[in-house]
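# Breakdown of the fold
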Amino acid sequence: MHHNRKLSESIGVIGTGKMGSALVRGLLKEKLVKPEQIYAYDILHEILMELVEETGINAALNNLRIVEQCSIIFICVKPQVFETTLQKLRTSFTNDHLVISIAAGVPLTTIERLTGNARCVRIMPNMPFQVGEGAAGFSLGTRNDNRDSEIVELVFGSLGKVFQFPEYLLDAVTGLSGTGPAYVFVFIEALADGGVLAGLPRREALILSAQTVMGAAKLLLEQNVHPGVLKDAIMSPGGTTASALQLMESRGFRSILIDAVEAATNKSQFLGRNNLSLSDQ
Ligand SMILES: NC(=O)c1ccc[n+]([C@@H]2O[C@H](COP(=O)([O-])OP(=O)(O)OC[C@H]3O[C@@H](n4cnc5c(N)ncnc54)[C@H](OP(=O)(O)O)[C@@H]3O)[C@@H](O)[C@H]2O)c1
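Because the structure is a prediction, the values reported are computed rather than measured.

### Description of the sheet that holds strand β5 (residues 98-101)
Taking strand neighbours across the sheet as the criterion, the 8 strands line up as β3-β2-β1-β4-β5-β6-β7-β8 in an open arrangement whose pairing is mixed. The outermost strands of the open sheet, each flanked by one partner alone, are β3 (58-59) and β8 (160-164). Inspection of the sheet shows strand β1 (residues 11-14) paired to strand β2 (residues 38-41) by 4 bridges, in the parallel sense. Its bridge partner being in β2, Val 13 is matched across the sheet by Ala 40. Here helix α7 (residues 170-178) sits on the sheet and contacts β6 (119-124) and β7 (134-140); the angle it forms with β7, its principal contact strand, is near 170°.

### Examining a nonpolar patch on the surface
On the surface, Phe 187, Leu 191, Phe 253 and Leu 257 cluster together into a nonpolar patch covering about 310 Å² of accessible area. On the basis of relative accessible area, Phe 187 is assigned to the partly exposed category, the value being 32%.

### What about the site of the ligand?
Not every one of the 22 residues close to the ligand is listed here, only the nearest: Met 19, Asp 42, Asn 63, Val 77 and Ala 104. Within the backbone of Val 77, an N or O atom sits 2.6 Å from an oxygen atom of the ligand. For the shell around the ligand, the secondary structure elements donating two or more residues are α1 (18-29) and α4 (79-87). No other element matches α4, which puts 3 residues into the shell around the ligand.

### Some remarks on the nonpolar core
With 34 residues, the main nonpolar core has Ile 38, Phe 74, Ile 100, Ile 123, Val 155 and Phe 156 as its most contacted residues. Ranked by size, the runner-up nonpolar core spans 20 residues in total, among them Val 77, Leu 86, Val 99 and Ile 111.

### Thoughts on the packing of aromatic side chains
As enumerated under the stated definition, the model contains 4 aromatic pairs in all. On the numbers, 6.2 Å between centres and 65° between planes, the contact of Phe 74 with Phe 156 is edge-to-face. Within this pair, whereas Phe 74 is found in strand β4 (residues 72-75), its partner Phe 156 is found in helix α6 (residues 146-158), the two being separated by 82 residues in sequence. The exposure class of Phe 74 is buried, given its relative accessible area of 0%. Look at Phe 156 and you get buried, because its relative accessible area is 3%. Judged by centre distance (6.4 Å) and plane angle (50°), the ring pair of Phe 163 and Phe 165 falls under tilted. Look at Phe 165 and you get partly exposed, because its relative accessible area is 28%. Through a chain of ring-to-ring contacts, the aromatic side chains of Phe 74, Phe 129 and Phe 156 assemble into a single cluster.

### Points about the pattern of salt bridges
Taken as a whole and assessed by the stated rule, the structure comprises 8 salt bridges. The salt bridge involving Arg 202 is made with Asp 193; its shortest N-O contact spans 2.8 Å. Residue Glu 249 pairs with Arg 254 through a salt bridge whose shortest N-O separation is 2.9 Å.

### Section: the pairing of β1
Side chains Ile 11 and Val 13 project from β1 onto one buried face, and the interleaved Gly 12 and Ile 14 project onto a second face that is buried too. Tracing the backbone out of β1, into α1 and back to the parallel element β2 gives a crossover that is right-handed. Bridge count for β1 against β4 is 4 bridges, and the pairing is parallel. Opposite Ile 11, over in β4, you have Ile 72 as the bridge partner.

Reading the values: the criteria
Residues numbered from 1 in each chain as written. Predicted model: local features only at pLDDT ≥ 70, side-chain atom pairs only at ≥ 80, totals over all residues. Heavy atoms only, no water. Pairing = 2+ DSSP bridges. Helix = DSSP H or I, 4+ residues; strand = E, 2+ residues; numbered from the N terminus. Contact = heavy atoms within 4.5 Å. Axes fitted to C-alpha atoms, helices over the stretch in contact; angles between N-to-C directions. Patch = residues over 30% accessible without salt bridge, like charges linked within 9 Å, V, L, I, M, F, W, Y side chains within 5 Å. Areas by Shrake-Rupley, 256 points an atom, 1.4 Å probe, with all protein chains shown as cover. Salt bridge = Lys/Arg side-chain N within 4 Å of Asp/Glu carboxyl O. Buried < 20%, exposed > 50% of the residue type's maximum accessible area, 1.4 Å probe, protein only. Near = heavy atom within 4 Å. Polar contact = N/O pair within 3.5 Å; in protein donor to acceptor, adjacent residues only side chain to side chain. Core = buried A, V, L, I, M, F, W, Y, C linked by side-chain atoms within 4.5 Å. Phe/Tyr/Trp six-rings, centres within 6.5 Å; stacked < 30°, edge-to-face > 60°. Right-handed = clockwise from strand over helix to strand, strands pointing away.

Laid out in structure tokens, this is it:
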């Protein structure tokens, strides 16, 4: 973790929807930058102004101003509007710009084609970076230097865990950690439902459930052991855990999760191929 480090560059954020605004909040919460260093723009004026009022960042007049003003630029618009958004800015980028795209499925070849001579990064983050516990995978483009991976690791390492991969593995990152928080929310809700079925009040059941997921994950990451070791430590002979796990195994709990990650990975590959064929025509 680089909690004591800061970015001196001016930071641009194009698109302040769910992910763009989460990124801004995360950067400020971790004190990586000051609000005055951030320039943001969104087509939806209200959501931009809400974020500006909440955080004290600058509202840019348009995306071109961001490119003129900032050296690190996060692209946080939906994949469907990626091309049209960047097309107009293409000639304004120089090699002094670092463009970091979070758009799912938009390949580095497309990002580089639309950003002149800029150094490009493609990253797949996830929603919990809003609270400093994100999980992300990234790939560098063809024009980057070592400093660029340091910047990405500084930003996303301060907002959680981040790993560099060859680009073809970003679909797998999407299937695991990009969409994974949704699986975990369903898990938490269902666990709480089980608690309610067993007689617990709803509010407490939900907190016990979420805290159980967070605590187990934290224990695993801190102790750095195989999950089976920790599972064995909880599972006493003839006990309650053994009964629950017997039922989970017989209903295919593990294979459901494995298949879910595979399904999301396949879907990500499919969408990526479609983006590529559309945008490269
Ligand atoms: N949600 C996730 O968990 C997740 C995880 C990893 C990556 N991502 C990626 O993150 C990106 C953003 O997703 P999101 O969920 O934050 O979407 P979102 O909430 O729809 O935010 C995108 C925002 O960008 C605005 N916008 C559209 N065109 C623009 C332009 N030319 N200039 C400036 N702003 C523009 C959109 O306005 P309009 O609504 O008017 O178009 C919207 O407010 C996507 O590419 C997605 O693939 C999301």
